[in-house]
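# Coordinate inspection notes
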Amino acid sequence: MAGGGFWIVFEGGDGVGKSTQIDLLAAWLSSADAGARTVLTTREPGGTDLGVELRQAVMHGDHVEPHAEALLYAADRGHHIASVVRPALERGDVVVQDRYIDSSVIYQGLARGLGDMVERVSLWATEGALPDLTVVLDMEPHADRLARDLDRVERETVAHANLIRQGFLDRAALAPQRYAVIDAARPIADVAADVRASVLAALERVGGTTAFDPESPGVEPWGTP
Ligand code: TYD
């Protein structure tokens, strides 16, 4: 990496085990085995003081109108990238982040039907910053519930979760070289081993560049092969 930072984002539906895998990966990256890197773990929404307030506004308030909700996520994101992620990458740190633009594209753009503008607003807010690697933790949602009869609300919840799951898979398929899709319905240690392997492969691919180097794969337009 030759002094350059490296940026990993975890994505996936609710309850796929992102937090556990982020903690394990961060511990490994900072261990002597992985070169004792300086690792910053962070999250969206809520990775800054302002972000904590925006998170409360978007998650704990009364119903938030969907466009307003999307803009709150984008505001959190713009501030987070400028004040936390970009400085860390410029210092040469490894950033391991819980959720990024794909979450807005899937939850607001797809599930709430707000469309393409969601992605454009986030890219504008972050000046086009894209991670070196996005790890999608993939799991069949609510598998336990599929075995029994569902009422209408349960069916809707499952359908929504399936839409979200497929959204992340489709997203990853657009740029496979910058994504790793990992089967998260397995023992934690097996998932963690695959996460480490995908990170090592991506580190090798990115080599001496940083996520904000204009020549870096990290700033290719979204979806470029
Ligand atoms: P998070 O705190 O990551 O919780 P979880 O552990 O369930 O992943 O995210 C909380 C919720 O916020 C989650 O349901 C996804 C949603 N979200 C969006 O709808 N849009 C976004 O841009 C982001 C970052 C999150």
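Numbering of residues begins from 1 in every chain and follows the order in which that chain's sequence is written. Totals for whole chains, interfaces and linings use all residues, but because this is a predicted model, local features are given only for residues with pLDDT of at least 70 and pairs of side-chain atoms are given and counted only at 80 or more. Heavy atoms from the whole structure form the basis of all side-chain values; hydrogens and water molecules are not counted.

This part covers the overall build of the chain. Summing up its helical and strand segments, the chain has 8 helices and 5 strands in all. Counting from the N terminus, the helices are DSSP H or I runs at least four residues long and the strands are E runs at least two residues long. Starting at the N terminus and walking to the C terminus, you meet the elements of the chain as β-α-β-α-α-β-α-α-β-α-α-β-α. Exposure is judged per residue with a 1.4 Å probe applied to protein chains only, and the accessible area is read against the type maximum: over 50% gives exposed, under 20% gives buried, and values in between give partly exposed. Scored against the burial criterion, the 225 residues of the chain give a buried share of 45%. Contact definition: two residues touch when any of their heavy atoms are within 4.5 Å. A separation threshold of at least 6 residues defines the contact pool for the chain, and within that pool the share at least 24 residues apart is 76%. Note on areas: Shrake-Rupley with a 1.4 Å probe; residue coverage comes only from the protein chains shown. Surface accessibility of the chain: about 10,900 Å² in total, with carbon and sulfur atoms responsible for 54%.

Below, the discussion takes up helix 2 (residues 49–60). Multiply 1.5 Å by the residue count of a helix minus one, and that product is the helix's expected span. Over its 12 residues, helix 2 runs 16 Å from end to end, which matches the ideal 16 Å to within 8%, given 1.5 Å per residue. Among the residues of helix 2, those classed as buried are Gly-51, Leu-54 and Val-58. Take helix 2 and look down its axis: the buried residues cluster within an arc of 60°, on one side only. The outward face of helix 2, more than 90 degrees from its buried face, is lined by the exposed residues Asp-49, Glu-53 and His-60. Against the buried residues of helix 2 lie helix 3 (66–91). Comment: arc refers to directions from the helix axis out to C-beta atoms.

As a further point, take the packing of helix 4 (residues 101–111) against helix 7 (residues 152–174). Two elements in contact, helix 4 and helix 7, have axes separated by 10 Å at closest approach and are oriented at 130°. By the angle class used here, helix 4 and helix 7 are oblique. By crossing handedness, the relation of helix 4 to helix 7 is classed as right-handed. Together, Asp-102, Ser-103, Val-105, Ile-106, Tyr-107, Leu-110 and Ala-111 of helix 4 and His-160, Leu-163, Ile-164, Gly-167, Phe-168 and Arg-171 of helix 7 make up the contact between the two elements. Inter-axis angles, ranging from 0 to 180 degrees, are taken between N-to-C directions of lines fitted to C-alpha atoms, where helices are fitted over the stretch in contact. These descriptions rest on fixed angle ranges, namely under 35 degrees for roughly parallel, over 145 for roughly antiparallel, 65 to 115 for roughly perpendicular, and the rest for oblique. Should the near helix be turned anticlockwise from the far one by less than a right angle, the crossing is termed left-handed; should it be turned clockwise, right-handed.

It is worth stressing that arrangement in space is one thing and function is another; only the former is reported here.
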